[in-house]
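# Structural overview for review
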Amino acid sequence: MALDLNDLAAFVAVARAGGFRDAARIGGVSPSSLSVAVGRLEARLGLRLLNRTTRSVTPTEAGRRLIERLAPALGEMEAALDVLNAFRDRPSGTLRLNVPSSAARVVLPPIAAGFLKAYPDIRLEVVVEDSFVDVFAAGCDAGIRYDERLEQDMIAVPIGPRIQRFATAAAPDYLAARGRPEHPRDLLSHACLRGQFAGGAMPTWDFERDGETIRVDPPGPLLVRPGAAIELAVELAVAGIGIIHLFEGMLRPHLDSGALEPILESWWESFPGPFLYYPGRRHVPAPLRAFVDFIKDRGATA
């Protein structure tokens, strides 16, 4: 039975991503084209490979068995094609990165700009995902995460600033009206703009000084989840609605301009910077090799 390899690849991509939209976003194609390809494959095989609901897409038993046999073969094909990069003057292809929103805003911009200028034949695809997912099952080549979120069998390369801080700040108008907190516990009587993890948990605000760590769970008029809503929290802080506690890199432009003033700066918590990670047991495609070499050449603080 002759089958179209593109249809097989589309099926694996959808199954890995858990949906047509996510697979289309990762692959740079339309959801409808993937749907047509999977439908055509199912018709040729005479079997349903995916269970489709309004909320999820999951492989059937037949689909799972097919993925188990197809995934290694498709991986070998991609690796074989990637070998051709050795015959090019410059590596080409697509590099897919899965990163948290903080890395997309703070770490990647200066690195990505230089990388794409140095390697114009490489296409960089960035999937922003704050929850912890299997980035490789989702079709990405590598991810960026912090040390506590890395698996032991991964190769980890330092990327971005090696020391980062959480900054606490408020607009001058807010501080003039409500007063300036002098101790982290003072935040309990202030309006604070809070964030929430994708899973629903609300992180405390942590502070440290001279070996002392203090965690507070302050009240506030706003609660946002990661993503574009972070910009909303920052804009409301600038507007004088409340106090914000966020990655220093995200607040730095507003701190430098004076739109926000630092508060409790001697208590700002520092932590190690993130890592680019990928599995050492797999073939490393040329675009990823180029990216790893690029960040190593620039140094960990790039």
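Up top is the structure these notes are about.
Residues numbered from 1 in each chain as written. Predicted model: local features only at pLDDT ≥ 70, side-chain atom pairs only at ≥ 80, totals over all residues. Heavy atoms only, no water.

## Some thoughts on the sheet that holds strand 5 (residues 142-145)
Strand order in this open sheet of five strands is 4-3-5-15-6, and the pairing throughout is mixed. Sheet topology places strand 4 (122-128) and strand 6 (154-158) at the edges, where each strand pairs with a single neighbour. The mean inter-strand angle of the sheet, taken between neighbouring strand axes irrespective of direction, is 25°. The pairing of strand 6 with strand 15 (residues 275-279) spans five bridges and is classified as antiparallel. By the bridge assignment for strand 15, Val157 is matched with Leu276. Relative to the sheet, helix 2 (residues 20-27) contacts strand 3 (93-99) and strand 4, its axis offset from that of strand 4 by approximately 145°. (Pairing = 2+ DSSP bridges. Helix = DSSP H or I, 4+ residues; strand = E, 2+ residues; numbered from the N terminus. Axes fitted to C-alpha atoms, helices over the stretch in contact; angles between N-to-C directions. Contact = heavy atoms within 4.5 Å.)

## A few points about the packing of aromatic side chains
One pass over the full model with this rule turns up eight aromatic pairs. Where Phe115 meets Tyr119, the ring centres are 5.1 Å apart and the plane angle is 40°; that geometry is what we call tilted. Between Phe115 and Phe291 the ring centres are 5.0 Å apart and the planes differ by 85°, which places this aromatic pair in the edge-to-face class. Taken together, the residues span a long stretch of sequence, with Phe115 in helix 5 (residues 101-118) and Phe291 in helix 9 (residues 286-298) at a distance of 176 residues. Taking relative accessible area as the criterion, Phe115 reaches 0% and is therefore assigned buried. Judged by its relative accessible area of 0%, Phe291 falls in the buried class. Following the ring pairs from residue to residue traces out a cluster consisting of Phe115, Tyr119, Phe291 and Phe294. For the cation-ring pair, Arg162 lies above Phe275, with the distance from its terminal atom to the ring centre recorded as 4.9 Å. (Phe/Tyr/Trp six-rings, centres within 6.5 Å; stacked < 30°, edge-to-face > 60°. Buried < 20%, exposed > 50% of the residue type's maximum accessible area, 1.4 Å probe, protein only. Lys NZ or Arg CZ within 6 Å of the ring centre and 35° of its normal.)

Function-wise, these values are silent; they only describe arrangement.
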